[in-house]
Structures are given as C-alpha cells and as structure tokens.
Amino acid sequence: MKVGLFGLPSSGKTTVFSALSDGKANINEGHNAPNLYVAKVPDPRLDELTKMYNPKKTVYATIEYTDFPGLQEKSANSYWGNLRSVDVLVHVVRAFESDMVHHVNESVDHKRDIEKIDSDLIIADLAIIETNLDRLERNLKAGKKNELLFTKDVLIKCRENLENEIPIRALDLTTEELDAIQVYQFLTQKPFVTALNLGDDQNFSDFYPDLKYLETERKSLIFGLQGKIEMEIAQLEPEEREIFLEDLGIEELALGRFVRSCFQLLGLISFFTVGEDEVRAWPIRKDTPASRAAGAIHSDLERGFIRAEVFHYEDVVSLGTSKLKEEGKIRLEGKDYVVIDGDILNIRFNVSSAKKKK
Ligand SMILES: Nc1nc2c(ncn2[C@@H]2O[C@H](COP(=O)(O)OP(=O)(O)O)[C@@H](O)[C@H]2O)c(=O)[nH]1
Ligand SMILES: [Mg+2]
C-alpha cells in the first residue's frame, strides 16, 4: 500500500512523515526529492502470535510512505502527476500556530487550505477529463469502437459531479464504470485523508465538528495528530515512549491509529499464517474468498488450492495452540469461504494440479 503525503510548504509534511514512519526514516531536507519509507504495519496480534509460536522470523505487513516536497503554484501540474501513482492521498494541513514558521498564505487557516486543495484536485481531474473527451471525440469520428461511447458517458458523469464539487470517490460507480476510467488515475477518486497537524495545545475535538463534512459529504477521512510531539516520541526507543505518552495523555501513537484508518478506508483486513519458520500478516480486501487469499501468499496456492485449515486469532489466544483441535475450533473450509479479519490459515494445495492448470 502506497501512501502519499502532500500539501503546502511548511504544513508539517516531513514532520508527519517522520512520525508515521516510526521516527526511523532518513529525512532529506532538500526541497526537490521526495522522502520514502517502508514502515511495518504495527499489529499487536502478530506480536502475540510470535510469543506463542516462537518462529525464526516475524513478517509484518508493510506500508510505503512518500513525503512529496511542497506544492508550488508554478509546477502544480507535474506535482499532481506525481501523486497519481499512490493508493492513498494524505493532505497534510497546518493547524498549529507558530510565529517561527512562515505560512505561504501569511496566516494559519486550515479551512481555507483544505478548500483550496480540494478544489485544486477537482480542477486537475477536470483538466484530464477535457483532454480525454476531446481525444475520444476524435476517435469516435474516426469510427472507432463503440465502447468509447461508454467511457465518454462515464467521463461526462464525472465532469458533472466535479463541477458540483463532488469528488469521484463519492460517486456510486459500477464495476464497468470504474474499469472504464481506471486508466486516468483521477486524484479525487483515490482514498483520501486530511491530516490535521495540530499544535501541542490544540485538541482535535475542537476542530472535528467543522470538518465532519469531509467524511459525510466528501467521503474522505479526517485524521488529527500533534505532528511535532508524535515525531519526537516516535524517535525514542519503544521502552522510553510509554512514559511520555502517559505524561501527555496520548493513548496511542498516531502511526498505529493512522494505519488502521488506512486499512478501514481501503477496506483491508489481515489474515495470518503461523509456523516454526514464520509468523506473518497478510493484508487482503474484505470479502475475499479463501482461494484468492491463498493467492496473496503465492499464485501456486491459488491455482492448486484444495482447502484451507482455519482457526481464529481469538480462539488460539484464549485456548492455546494445543486445545484448539479438541475444542473443535479448527475448521476445514473450501475455496469460497470468505476470510475474516484475524483468521489464521493453513492452505492445503497440490502443486502438480497447480502446474497442470497453468
Ligand atoms: N509548533 C509546531 N511546529 C511544527 C509542527 N509541525 C511542524 N512544525 C514546524 O514547522 C516547520 C515545517 O515543518 P515541515 O515538517 O518541515 O514542513 P513541510 O515543509 O510541510 O515538510 C518545521 O520547523 C517544524 O518543526 C507542529 O505540530 N507544531
Ligand atoms: Mg518537507
């Protein structure tokens, strides 16, 4: 999962990036190259399973953060272009007050900045639609395929909505419609998070009521964090963190909360595989059948899938590994079984039949 942080210069992107990447990323302070970090997705269940199975290694799911350098008016087009390759867009917005940090718009006004970026993204998508409608029109005149007509209709539908400030992600598009516009990588179609970067003395709950419309009307997520504090705590050793968290009244670090929000936004869940060699988390989309989940591990497992031995994390934690069987908690499931969050799978498969089907 690729997560891209963007926003105005000095809104705190690099600070938030550093907080979310566990304080371990090498920060490039220059203004041109983006910062990149592949972070482990924290999952206390995986830690618990590691204690139980004592494997040679534990493999966490990963999340890739990119901190895109500040948005400059002049090169906005190529800036938007860079953002099209990510899975989740995170708009970092400054709420913190500080005389030491200059704001490009001279004053701190998070609502203004949110509205401006939201409309910039809409304009960027509208520009793509215009270009492509022209192109489709020319191809249609040249007598090319009828399916172009369908794409054209979808683009027109998107345009109408965008003109009314409705982002594409808020539309109820059918699978066919989604397929037709997939190539355009629309920015307002991507899962979207507004990350409000709060000062040490500010509370998210004071800001939330006015920003709730981002969730209800704009189908995005609003996430508050005190970027600077979070960064400083993330840079500490895990053992030292606890004391500070308690002192500051922070229940959980933003890096854990944030990942969960992204999983929720993308409709992701995790299943696990366990054994002496490896205990591992596998992120998949909700409602994935067992055979496709097996495919996340290896394509042979999907092709040669016979059945899955399934038990649940909660059961192994409450009963221990040895009692699972006698309590009837280990089930055999077929390829259509819908995997749920916290399932632990052992896939039975047949390589030779997998090869035949190739
Ligand atoms: N007081 C305060 N300062 C912050 C906060 N977040 C960032 N800053 C400061 O704002 C400046 C710009 O932050 P930076 O993360 O580099 O912004 P970027 O340009 O968006 O990457 C730095 O001096 C940060 O220390 C915050 O939450 N509170
Ligand atoms: Mg920066």
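As the structure is a computational prediction, the values presented were derived from the model and not from experiment.

Thresholds applied
Residues numbered from 1 in each chain as written. Chains lettered and ligands numbered in written order. Predicted model: local features only at pLDDT ≥ 70, side-chain atom pairs only at ≥ 80, totals over all residues. Heavy atoms only, no water. Pairing = 2+ DSSP bridges. Helix = DSSP H or I, 4+ residues; strand = E, 2+ residues; numbered from the N terminus. Salt bridge = Lys/Arg side-chain N within 4 Å of Asp/Glu carboxyl O. Buried < 20%, exposed > 50% of the residue type's maximum accessible area, 1.4 Å probe, protein only. Domains from an automatic or database assignment. UniProt positions renumbered as here; feature names shortened; annotations may be inferred. Phe/Tyr/Trp six-rings, centres within 6.5 Å; stacked < 30°, edge-to-face > 60°. Lys NZ or Arg CZ within 6 Å of the ring centre and 35° of its normal. Core = buried A, V, L, I, M, F, W, Y, C linked by side-chain atoms within 4.5 Å. Near = heavy atom within 4 Å. Polar contact = N/O pair within 3.5 Å; in protein donor to acceptor, adjacent residues only side chain to side chain. Areas by Shrake-Rupley, 256 points an atom, 1.4 Å probe, with all protein chains shown as cover. Nonpolar A, V, L, I, M, F, W, Y, C, P; charged D, E, K, R; others polar. Axes fitted to C-alpha atoms, helices over the stretch in contact; angles between N-to-C directions. Contact = heavy atoms within 4.5 Å.

Caption draft 1: Just the pairing of strand E4 (residues 62-67), in detail. Of the strand pairs in this sheet, strand E1 (residues 2-6) and E4 are connected by four bridges, and their pairing is parallel. Among the inter-strand pairings, Leu-5 is bridged to a residue of E4, identified as Asp-67. Pairing of strand E2 (residues 35-40) with E4, which is carried by six bridges, proceeds in the antiparallel orientation. Residue pairing across strands places Val-38 opposite Glu-64, the latter belonging to E4.

Caption draft 2: Quick peek at the pattern of salt bridges. Per the counting criterion, the structure on display carries 22 salt bridges. For the salt bridge of Asp-120 with Lys-116, the shortest nitrogen-to-oxygen distance reads 2.9 Å. Highlighted residues: Asp-120 and Lys-116, both in helix H4 (residues 110-141), separated by four residues, approximately one helical turn. Across the pair Glu-177 and Lys-157 runs a salt bridge, and its minimum N-O distance is 3.0 Å. Taken together, the residues span a long stretch of sequence, with Glu-177 in helix H6 (residues 175-181) and Lys-157 in helix H5 (residues 147-163) at a distance of 20 residues. Residue Glu-177 is classed as buried on the basis of its relative accessible area of 13%. Within the structure, one salt-bridge network assembled from shared partners comprises Glu-115, Asp-118, Glu-165 and Arg-218.

Caption draft 3: Up close: the domain arrangement of the protein chain. Looking at the assigned domains, one finds that the protein chain contains domain 1 (2-117 + 190-265), domain 2 (121-189) and domain 3 (287-357). Each of domain 2 and domain 3 has a C-alpha centre, and the two are 40 Å apart.

Caption draft 4: Region of interest: the UniProt feature "domain: TGS" (unreviewed entry) in the protein chain. UniProt marks residues 267-349 with the feature "domain: TGS" (unreviewed entry), using the numbering shown here. Across residues 267-349, the secondary structure splits into 24% helix and 39% strand, with the terminal C-alpha atoms separated by 27 Å.

Caption draft 5: Up close: the packing of aromatic side chains. Applying the stated criterion across every chain yields a total of nine aromatic pairs. Seen in terms of ring centroids, Tyr-65 and Phe-258 are 6.0 Å apart; in terms of plane orientation they differ by 45°. Their pairing is tilted. Of this pair, Tyr-65 sits in strand E4 while Phe-258 sits in helix H11 (residues 254-266), and the two are 193 residues apart along the sequence. Assessed through its relative accessible area of 0%, Tyr-65 is described here as buried. Overall, the relative accessible area of 1% leaves Phe-258 in the buried class. One aromatic cluster is present, formed by Phe-6, Tyr-79, Trp-80 and Phe-192 through successive ring pairs. Sitting over the ring of Phe-96, Arg-94 keeps its end group 4.3 Å from the ring centre.

Caption draft 6: Up close: unusual backbone geometry. Here Ser-10, not a glycine, exhibits a phi torsion of approximately 60°, which is positive. You can see Ser-10 is positioned in the loop between E1 and helix H1 (13-20). With phi around 65°, Asp-287 is a residue other than glycine that occupies positive phi space. Position of Asp-287 relative to the elements: it lies in the loop between strand E9 (278-285) and helix H12 (290-297).

Caption draft 7: The arrangement of the nonpolar core in detail. Counting 34 residues, the largest nonpolar core has Val-3, Leu-5, Tyr-65, Val-90 and Phe-258 as its most contacted members. Here the element with the most residues in this core is H11; it accounts for seven residues.

Caption draft 8: A look at the site of ligand 1. The environment of ligand 1 is made up of 14 residues, and the closest members are Ser-10, Gly-12, Lys-13, Thr-14 and Thr-15. The separation between an oxygen atom of ligand 1 and a polar side-chain atom of Lys-13 is 2.6 Å. Burial of ligand 1 by the protein chains amounts to 77% of its free accessible area of 580 Å². Listed by contribution, the elements that provide at least two residues to the shell around ligand 1 are H1 and helix H9 (227-234). The element best represented in the shell around ligand 1 is H1, accounting for three residues. Tallied by class, residues from the shell around ligand 1 come to five nonpolar, seven polar and two charged.

Caption draft 9: How the structure looks around the sheet that holds strand E7 (residues 221-225). One open sheet holds the six strands; their spatial order is E2-E4-E1-E5-E6-E7, and the pairing between them is mixed. Across the chains shown, the open sheet's two edge strands, defined by having one partner strand only, are E2 and E7. Each neighbouring strand pair of the sheet contributes to a mean axis angle of 25°, computed without reference to strand direction. By the bridge criterion, four bridges tie E1 to strand E5 (residues 88-94) in an arrangement that is parallel. The residue of E5 that forms the bridge with Gly-4 is Leu-89. Running over the sheet, helix H7 (residues 204-211) touches strand E6 (192-197) and E7 and is turned about 160° from E7.

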